[in-house]
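# Report on the structure
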Amino acid sequence: MDGEHSALSGVERERERLPPIYNSSPPAGFGRGAKQPFPSLGTFISTLSQRRDMAGRGLAGGIMGNLTGNPGLRHGRELPPICSDVRQKQRLSIDTLPPEVKAPFPSDPIIPLRTKTTKEFQEDMERALQSGDWREVREFYLTTFDSFIEINAAFKREANGLFNTIEDSGVNTKFVNAVYDALLNTPQDIQKSVLKGIINSLLREWKGPRTKDDLRAYFILVQNPQYSSTSTYVIYAHLLRQIAALSEADHHFLVHWFKKLSARRFRQLVERLLQFISTRLFPAEPDELPPLSKCAWWIPSATKVLSLFNAANSVSSAPIMSFTDFYNITLEHIDFMEDYRTWQNYGNSNRFSFCQFPFILSTVVKKAIIQKDSEQQMISQARQSLVSKVSRRQRVDMNLLFLNIKVRRAQLLSDSLDELTRKRCDLKKKLRVTFVGEAGLDMGGLTKEWFLLLVRQIFHTDYGMFTYMKDSRCHWFSSWKCDNYSEFQLVGTLMGLAVYNSIALDIHFPLYCYRKLLTPPTVPCDQNALVGMANATLDDLQQIMPELAHGLGELLSYEGNVEEDFYLTFQVFQEEMGMVKSYNLKPGGDKIPVTKQNRKEYVQLYVDFLLNKSIYKQFAAFYHGFHSVCASDALMLLRPEEVEMLVCGSPELDMSALQKAAQYEGYSKTDATVRCFWDVVLAFPLELQKKLLHFATGSDRVPVGGMADLNFKIAKIDVPTNWLPISHTCFNQICLPPYRTRKELKQKLTIAISNAEGFGLE
């Protein structure tokens, strides 16, 4: 469409003004320059009167025609747009007007009556497709998208109904869908006329608060499928800019209206916004879009509107899309550290950064930000130690650049606790582990082994720190009281070190634990401030103690006499170290019966007691241990699910993906030994696949970036075939002798991966 191309280039000349797309001239006064004087009200009415006799040809102004009681008039696109000052002037001077003029000008525009139904429109479309006569359809599209008032006239269920609630947009969704689904099947001139009408609608911009009809128009316009084409991006950008500039109260309405869209339509709109941002960042052709320097507001506007959809997804009773569907993978290729520094320096001010909208950043980007932030802290910590030694003219030992942990396997837990306590000032240095009496050099493999064994011991049921919940298959904090909670701090420190050093742990905490860990995301300056006291709901309890949560749910829905049938008070009982102890949920709780009137309070207090108050000291120690290592602004970017992913990696093993990403040394992927290896591995049960991954990498978890991030390598080792495979976990490498048969390879590999613990010299 040549008209579109010339229009897009017009943006460069007109700076931030909308271009004259499809030969439509923008009204006088649009742009940053001095505005032309708007016609007076008298002139406006006079012009209208002169054009009344043109109504038969359909050229008179629809809006004013309806206001003057002539329903036969249609919109005249040459009429000046109604803007805010004019509407305000009408209100201020209405008493000075002649009586015959007062009636047609109410304070709010009257929406004309349009009676076309979805069925009638679809019949019009079918006739047009069969006959080639598009006049009826063209007339509908031409009129409907000419102004916000006409959009409401066509799609509002009741033309002059209020519909001022967040629960009901008042829009005939079925009709909107039918009109938009048909639009791309119409001739090009109709599609151009719709875009031209949208331009005119957006140009009628006025100051002051928007009406709910205006919000409805934005709600409908943003669903237009034409914005999938880059040729319409200029118009789309201006629409997004106006929506982004709406008040917080207006955004609140849009959020709740968006969540009522069908899942298919909602996903389409989100994907369109993500594509718009990606294309603006990296256009396929350099001249495809105006220069970024002249439309720097495009991406902030689109991201702000995308945040409304993200909010709608969050407040929906069940998420419409996974939070990962809001990730923009393109952002993995920008300078996200520069974006992060901008956010650190300017926060949520007017200086835009993607970090202000962390939902759009993938876990890969967030992990990279945390890693680079960690590396900078490690370098800073090591430099301080080095300068301190040199300034005191002491001999420099390279070990001071590392957090060196020396432990005995037989005393693993106590040695680790002692080492981390003694060296807590070095926690932000690079971790290096040595097992006493073993010759292994830690290039990463020993560190993984240390984490694995320590986690296995800490979470063993005999140890008593954590309780394993069989129904939910997760661990939760034991509520036993003691004088020293340092071991809980050790677990928190261990998790922090794992994130800091990019090690995935086999830990099974419920999602609520990670939400507590981010409450707040940075340690408060006030040492007495409460930490980890996340708002707890029955759904959170369901994650951990599903049977108890079900029982409390039954209590809430019970129709009988709660007080007499349940005979409960605001007192609960817990078993601790073989003894049953009672706790009041509120002062005097043992004397307050649970009734139908106060049962919600009882359930809320009970859930809060179980998930927060009864384990407060344990979790506070755990929280401070984690944040003693991971104190970073980057944590503020994370969702609880993303913290879990960083700590644990992914338990989903995709050995086919590992095969595709594998590298070879001494072998090629077509060699018989390699083909046998993958035949055997792909046929392994999940448990053996996990053992193989642990054998080769030191962990059975998949990192955030997927199997490709493992840099897995199969190397050839020239030894007799009666040898077992060996591995170098530091380098995620497995070494295979040239086995001749599949049976031989499977037998030797199974023995190796099932008996792998401890290290020789690597």
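Residues numbered from 1 in each chain as written. Predicted model: local features only at pLDDT ≥ 70, side-chain atom pairs only at ≥ 80, totals over all residues. Heavy atoms only, no water.

### Quick notes on the overall build of the protein chain
When helices and strands are counted, the protein chain shows 31 helices and 10 strands. Contacts in the protein chain between residues far apart in sequence, at least 24 positions, make up 70% of those at least 6 positions apart. When the accessible area of the protein chain is evaluated, it comes to approximately 37000 Å², of which 52% is carbon and sulfur surface. (Helix = DSSP H or I, 4+ residues; strand = E, 2+ residues; numbered from the N terminus. Contact = heavy atoms within 4.5 Å. Areas by Shrake-Rupley, 256 points an atom, 1.4 Å probe, with all protein chains shown as cover.)

### Brief notes about the sheet that holds strand 9 (residues 726–728)
Strand order in the open sheet formed by four strands is 7-8-10-9, and the pairing between neighbours is mixed. Looking at the sheet topology across the chains shown, the edges are occupied by strand 7 (663–665) and strand 9. Adjacent strand axes in the sheet meet at a mean angle of 25°, parallel and antiparallel pairs treated alike. Here strand 8 (residues 713–716) runs beside strand 10 (residues 733–736); their pairing, made up of four bridges, is parallel. Residue pairing across strands places Lys 713 opposite Gln 733, the latter belonging to strand 10. (Pairing = 2+ DSSP bridges. Axes fitted to C-alpha atoms, helices over the stretch in contact; angles between N-to-C directions.)

### A short note on helix 14 (residues 263–281)
Taking 1.5 Å of rise per residue, the 19 residues of helix 14 would be expected to cover 27 Å, and the 27 Å separating its terminal C-alpha atoms lies within 8% of that figure. Every buried residue of helix 14 is listed here: Arg 265, Phe 266, Leu 269, Val 270, Arg 272, Leu 273, Leu 274, Phe 276, Ile 277, Ser 278, Thr 279 and Arg 280. Here the buried face of helix 14 lies against helix 9 (173–183), helix 12 (233–244), helix 13 (248–258) and helix 15 (298–315). (Expected span 1.5 Å × (residues − 1). Buried < 20%, exposed > 50% of the residue type's maximum accessible area, 1.4 Å probe, protein only.)

### A closer look at the pairing of strand 4 (residues 474–477)
Every second residue of strand 4 is oriented toward a common face, with Cys 474 and Trp 476 on one face and His 475 and Phe 477 on the other, all of them buried. Pairing of strand 3 (residues 466–469) with strand 4, which is carried by four bridges, proceeds in the antiparallel orientation. Looking at the pairing, Thr 467 lines up with Trp 476 of strand 4. From the end of strand 3 to the start of strand 4, which pair antiparallel, there are four residues, and Arg 473 there has a positive phi angle of about 55°.

### Some points on the environment of Phe 684
Within the element layout of this structure, Phe 684 appears in the loop between helix 29 (672–683) and helix 30 (686–697). Spatially, the C-alpha atom of Phe 684 lies 9.9 Å from that of Met 655, the residues being 29 residues apart in sequence. In this structure, Phe 684 is in contact with Gln 689, Leu 749, Thr 750 and Ile 753, ignoring residues within four places of it in sequence.

### Re helix 23 (residues 546–557)
Along its 12 residues, helix 23 runs 17 Å from first to last C-alpha, staying within 8% of the 16 Å computed at 1.5 Å per residue. Considering only its buried residues, helix 23 is in contact with helix 22 (538–544), helix 24 (562–566) and helix 25 (599–611).

### Examining the pattern of salt bridges
Within this structure, the stated rule accounts for 25 salt bridges. Close ionic contact of Lys 423 with Glu 419 constitutes a salt bridge, the shortest N to O distance being 3.3 Å. Grouping residues by exposure puts Lys 423 and Glu 419 together as buried. It is possible to trace a salt-bridge network through shared partners that takes in Lys 116, Asp 124 and Arg 127. (Salt bridge = Lys/Arg side-chain N within 4 Å of Asp/Glu carboxyl O.)

### What to know about the side chain of Thr 279
Mapped onto the secondary structure, Thr 279 falls in helix 14. Thr 279 sits in the buried class, given a relative accessible area of 7%.

### Some details on the pairing of strand 8
Inspection of the sheet shows strand 7 paired to strand 8 by three bridges, in the parallel sense. When the sheet's bridge partners are listed, Tyr 664 is paired in strand 8 with Ile 714.

### Quick word on the nonpolar core
In terms of nonpolar packing, the biggest core is built from 172 residues, with Tyr 141 and Trp 450 touching the most fellow members. Counting 29 residues, the second largest nonpolar core, distinct from the first, contains Leu 653, Met 655, Val 680 and Leu 693. (Core = buried A, V, L, I, M, F, W, Y, C linked by side-chain atoms within 4.5 Å.)

### Overview of the packing of aromatic side chains
Tallied over the full model, the rule gives 50 aromatic pairs. With a centroid separation of 6.1 Å and an interplanar angle of 70°, the aromatic rings of Phe 121 and Phe 175 are classed as edge-to-face. Within this pair, whereas Phe 121 is found in helix 6 (residues 118–131), its partner Phe 175 is found in helix 9, the two being separated by 54 residues in sequence. Classification of Phe 175 by relative accessible area gives buried; the value is 1%. Aromatic side chains Trp 480 and Phe 488 sit 5.9 Å apart centroid to centroid with 45° between the ring planes, which places their arrangement in the tilted category. A relative accessible area of 1% places Phe 488 in the buried class. Put simply, the rings of Phe 459, Phe 466, Trp 476, Phe 477, Trp 480, Tyr 485, Phe 488, Phe 509, Tyr 512, Tyr 514, Phe 619 and Phe 622 touch in pairs and so form one group of aromatic residues. Directly above the ring of Phe 435 sits Arg 409, whose terminal nitrogen or CZ lies 4.1 Å from the centroid. Cation over ring: Lys 586 sits above Phe 570, and NZ or CZ is 5.0 Å from the ring centre. (Phe/Tyr/Trp six-rings, centres within 6.5 Å; stacked < 30°, edge-to-face > 60°. Lys NZ or Arg CZ within 6 Å of the ring centre and 35° of its normal.)

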